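Residue-level listing of the chains:
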Amino acid sequence: MICRFTIIPDGRVIIHQGNPGDTYEDALLAYGINPDTVLILSGGRSLPQDEKIGEEEVEIFLTGSRG
């Protein structure tokens, strides 16, 4: 599963190529981003961090400290 993560506010783009069954939490942790400090959005809809990756593109809003 390939998913494009756009990190807000810095605009960094991460292309995540994960394994079937990976969750957004798995992907974020792989890049050193604490899932408890972000909002994951796709098409204006909030996605839970424990949901399996199913979108081709999401926005990751940093809300607190990283790591």
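For the structure, see preceding data.
To start, this report covers the structure provided alongside it.

Reading guide: rules and limits
- Residues numbered from 1 in each chain as written.
- Predicted model: local features only at pLDDT ≥ 70, side-chain atom pairs only at ≥ 80, totals over all residues.
- Heavy atoms only, no water.
- Pairing = 2+ DSSP bridges.
- Helix = DSSP H or I, 4+ residues; strand = E, 2+ residues; numbered from the N terminus.
- Axes fitted to C-alpha atoms, helices over the stretch in contact; angles between N-to-C directions.

### A word on the sheet that holds strand β2 (residues 13-17)
Okay, step 1: The sheet built from 5 strands is open, its strands ordered β2-β1-β5-β3-β4 with mixed pairing. Whereas interior strands pair on both sides, the edge strands pair on one side only; in this sheet they are β2 and β4 (45-47). Across the sheet, the axes of successive neighbouring strands diverge by a mean angle of 35°, strand direction being ignored.
Okay, step 2: One ladder, built from 4 bridges, connects strand β3 (residues 38-42) with strand β5 (residues 57-62); its direction is antiparallel. In the sheet register, L39 faces β5, and the bridge partner there is F61.

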